[in-house]
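What follows is the residue order along each chain.
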Amino acid sequence: MSDEPEASVRKRTPREDREAFRALVVAHQHAVHAVLAQMLFRGPVADVDDLAQETFLRVHRALPRFEDRGPGHLRRWIVTIAARVAIDHLRRKRVPLESFDETVHRLPSREADELAQFRRLGQRVEAALAELGAEQRSVLVLRQLHGLEYQEIAEALQIDLGTVKSRLHRARTRLEQLLIKERVG
């Protein structure tokens, strides 16, 4: 991603400049949608869209307090807000898990078998992730899928660094237990 939207934030105030804020939304909307979709586990698209709007409303309100710490910080800050919005939503409402809806079209049997195995594995991982609490899931998603460092996650979720590490450890351990149980059971 270009540094232009972040440079724009440093030069002008997007809260007061509609074009600058529009550029900020366009530059970060895909990352916001990705975080929300991953944390809601294929929840209704309408929920993801609504939560993306809520995210950018929160970004707009919080911009005066944004502290520029260099390139990439704005994206991490916005992704953090999206994660918080998703956590709030998950706490209010349990989002149902939807399975993959893939179809296999005339594949050779070996490829069809491999695809079926991959699909089952994906469903198992998805079901196991759904078993994690919102706090563990959020830490896992921010670390594994978005590559945030432990300290960034701590700041994003407003929790201690030790809490991030313990939640991540518990999430990974629980995920492993669930996947082994599924395999054996």
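Residues numbered from 1 in each chain as written. Predicted model: local features only at pLDDT ≥ 70, side-chain atom pairs only at ≥ 80, totals over all residues. Heavy atoms only, no water.

Engineer: Before we go on, may I ask you to explain helix α7 (residues 150–157) in this structure?
Structural biologist: The periodicity of an α-helix, 3.6 residues per turn, causes residues three or four positions apart to be oriented the same way. By the burial criterion, the buried members of α7 are I153, A154, A156 and L157. Down the axis, α7 shows its buried residues gathered within 165 degrees of arc, on one side only. Looking one or two residues beyond α7, the residue adopting positive phi is Q158, at roughly 55 degrees. (Buried < 20%, exposed > 50% of the residue type's maximum accessible area, 1.4 Å probe, protein only. Helix = DSSP H or I, 4+ residues; strand = E, 2+ residues; numbered from the N terminus. Arc of directions from axis to C-beta.)

Engineer: Got a minute to help me understand helix α3 (residues 45–62) in this structure?
Structural biologist: With 18 residues, α3 should reach 26 Å at 1.5 Å per residue; the first-to-last C-alpha distance of 25 Å fits that figure. For α3, every residue scored as buried is listed here: D47, V48, L51, A52, T55, F56, V59 and A62. The arc enclosing the buried residues of α3, seen along the axis, measures out at 165 degrees, which places them on a common side. In α3, the exposed positions angled more than 90 degrees off the buried face are occupied by Q53, L57 and R61. Buried positions along α3 lie against α2 (18–40) and α4 (73–92). (Expected span 1.5 Å × (residues − 1). Contact = heavy atoms within 4.5 Å.)

Engineer: Just to check I follow, could you spell out the packing of aromatic side chains for this structure?
Structural biologist: Centre-to-centre distance and the angle between the planes together describe a pair of aromatic rings. Scanning the model with the defined rule gives one aromatic pair in all. Arranged with centres 4.8 Å apart and planes meeting at 50 degrees, the rings of F66 and W77 form a pair that is tilted. One end of the pair, F66, is in the loop between α3 and α4; the other, W77, is in helix α4, with eleven residues separating them in the sequence. Here W77 falls in the buried class, since its relative accessible area comes to 18%. A cation over a ring is seen here: R143 above Y150, with NZ or CZ 4.8 Å from the ring centre. (Phe/Tyr/Trp six-rings, centres within 6.5 Å; stacked < 30°, edge-to-face > 60°. Lys NZ or Arg CZ within 6 Å of the ring centre and 35° of its normal.)

Engineer: Can you help me understand unusual backbone geometry in this one?
Structural biologist: Leaving glycine aside, a negative phi is the common case for residues, and trans is the common case for peptide bonds. One non-glycine residue, Q158, adopts positive backbone phi at about 55 degrees. Among the secondary structure elements, Q158 is positioned in the loop between α7 and α8 (161–184).

Engineer: For this particular structure, what's the right way to read the nonpolar core?
Structural biologist: Most often, soluble globular proteins have nonpolar side chains that are buried together. Residues L36, V59, W77 and I78 are the most contacted members of the largest nonpolar core, which totals 45 residues. Of all elements in the fold, only α2, α3, α4, α5 (109–131), α6 (134–145), α7 and α8 reach the threshold of two or more residues within this core. Take this core: its biggest share by element is eleven residues, from α4. (Core = buried A, V, L, I, M, F, W, Y, C linked by side-chain atoms within 4.5 Å.)

Engineer: Hey, could you run me through the pattern of salt bridges in this one?
Structural biologist: Pairing between side chains becomes possible if they bear opposite charge and their charged atoms approach one another. Summed over all chains, the structure comprises five salt bridges. For E54, the salt bridge goes to R58, with nearest N and O atoms at 2.8 Å. Separated by four residues within a single helix, E54 and R58 lie in helix α3, roughly one turn from each other. By relative accessible area, which is 24% here, E54 ends up partly exposed. Its relative accessible area of 23% is what places R58 among the partly exposed residues. Put simply, D88 and R58 hold a salt bridge, and the shortest N to O gap is 3.2 Å. Of the two residues, D88 sits in helix α4 while R58 sits in helix α3, which places them 30 residues apart along the sequence. One network of salt bridges, with partners in common, ties together E54, R58 and D88. (Salt bridge = Lys/Arg side-chain N within 4 Å of Asp/Glu carboxyl O.)

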